[in-house]
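The primary structure of each chain is shown beneath.
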Amino acid sequence: MSTPLSKPVLGTNVQPTLPDASGYTWIYDSTDPRNLTDTALGKTASVRTVGPNRGEATNKRIMLTAAVTTQSATLVRYRLTGAGAWALYASTTLTAGDTPQGIVWDVLSPDALIGVLAGATAPSAISVTLLVKEQP
């Protein structure tokens, strides 16, 4: 009998909340109990507070596509440090009207946070596809 190479994929079809100008909207937060449910994680003026869950991104592969309309924005990825704070891991420019940007992130830290940071003017729409896969 063979062992599967990976476990099933989790995903979400929740439409992210539009951010305010120069603000964030959140797509994935492994520390938030509402993560990967039918509830949008909402928007904030700054990087969100670390939630109560820990270790939920350990050994995960995150596959994401994102696009914005009207105004460009930045896709931001954070990892949780040993001190319990979010640290910027990477950022990708989302140019308004372009084809969706694809990201594959093999998370090496126990927790991860992904969001969209608006510029001086927020985008009028955000399109996101998010899949989270357990690694073997």
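You'll find the structure just up there.
Numbers given to residues run from 1 along each chain, matching the order in which its sequence is written. Local features in this predicted model are restricted to residues whose pLDDT is 70 or higher, and side-chain atom pairs enter the listing and the counts only when it is 80 or higher, whereas totals over whole chains, interfaces and linings include all residues. Processing note: side-chain calculations cover all non-hydrogen atoms of the structure and skip hydrogens and water entirely.

**Let's talk about the overall build of the protein**
Note on conventions: DSSP H or I runs of at least 4 residues are helices, E runs of at least 2 residues are strands, and numbering of each starts at the N terminus. Of the regular secondary structure elements, the protein holds zero helices and nine strands. Listed N to C, the secondary structure of the protein is β-β-β-β-β-β-β-β-β in terms of helices and strands. In this description the radius of gyration comes from C-alpha coordinates, and the expected globular size is given by 2.2 Å times residues to the power 0.38. What you see for the protein is a C-alpha radius of gyration of 15 Å, in line with the 14 Å of a compact globule of 136 residues. The dimensions of the protein, computed from C-alpha atoms along their principal axes, are 55 × 35 × 25 Å. Only protein chains enter the accessibility calculation, which uses a 1.4 Å probe. A residue is then buried if its area is under 20% of the maximum for its type, exposed if over 50%, and partly exposed in between. Every one of the 136 residues in the protein was classed for burial, and the buried ones make up 38%. Working rule for contacts: check all heavy atoms of both residues, and any pair within 4.5 Å makes them a contact. Once local pairs closer than 6 in sequence are excluded, the contacts in the protein between residues at least 24 apart make up 71%. Roughly 7100 Å² of accessible area belongs to the protein as shown, and the carbon and sulfur atoms make up 53% of that amount. Charged side chains of the protein number 10 positive and 9 negative; the gap between the two group centres comes to 4 Å. Shrake-Rupley sampling with a 1.4 Å probe provides the accessible areas, and residues are treated as covered by the protein chains on show and by no other component. His is not counted, nor are the chain ends; Lys and Arg add positive charge and Asp and Glu add negative charge. Note that the charge is assigned to NZ on lysines, CZ on arginines, CG on aspartates and CD on glutamates.

**Some thoughts on the sheet that holds strand S8 (residues 112–118)**
At least two bridges found by DSSP between two strands is the condition for calling them paired. Read across the open sheet, the five strands follow the order S3-S2-S8-S5-S6; overall the sheet is antiparallel. Looking at strand neighbours, the two that pair on one side only are strand S3 (43–44) and strand S6 (86–94), the edges of this open sheet. Of the strand pairs in this sheet, strand S2 (residues 24–29) and S3 are connected by two bridges, and their pairing is antiparallel. Bridge pairing links Tyr 24 to Thr 44 in S3.

**Describing the packing of aromatic side chains**
The pairing test for Phe, Tyr and Trp rings, Trp by its six-membered ring, is centres within 6.5 Å, and the orientation test on the planes gives stacked under 30 degrees, edge-to-face over 60, and tilted for anything in between. Tallied over the full model, the rule gives three aromatic pairs. For the pair Tyr 89 and Trp 105, a centre-to-centre distance of 4.9 Å together with 20° between the ring planes defines the contact as stacked. On the criterion of sequence distance, the pair formed by Tyr 89 in strand S6 and Trp 105 in strand S7 (residues 101–106) is long-range, its members being 16 residues apart. According to the relative accessible area criterion, Tyr 89 is partly exposed, its value standing at 44%.

**Some thoughts on the pairing of S8**
A regular strand carries its side chains on alternate faces of the sheet. When you tally the buried positions in S8, you get six out of seven residues, the bulk of the element. Where S2 lies against S8, five bridges are found, and the strand directions are antiparallel. Each bridged residue has a counterpart across the sheet, and for Trp 26 the counterpart in S8 is Gly 115.

**Let's talk about the side chain of Asp 32**
Summarising the element assignment, Asp 32 is placed in the loop between S2 and S3. Sequence-distant contacts of Asp 32, that is, excluding residues within four places in its chain, are made with Leu 41, Arg 48 and Asn 53.

**Side note on the pattern of salt bridges**
Here a salt bridge means any side-chain nitrogen of Lys or Arg lying within 4 Å of a carboxyl oxygen belonging to Asp or Glu. For the coordinates displayed, the defined rule picks out six salt bridges. Measuring nitrogen to oxygen at the nearest pair gives 3.1 Å for the salt bridge that ties Lys 60 to Glu 134. Pair noted here: Lys 60 is in strand S4 (residues 60–69) and Glu 134 is in strand S9 (residues 125–134), with a separation of 74 residues, a long-range link. Taking the relative accessible area as the measure of exposure, Lys 60 reaches 15% and is therefore buried. Given a relative accessible area of 21%, Glu 134 falls into the partly exposed group. Look at the salt bridges and you will find they share partners, linking Asp 29, Asp 32, Arg 34 and Arg 48 into a network.

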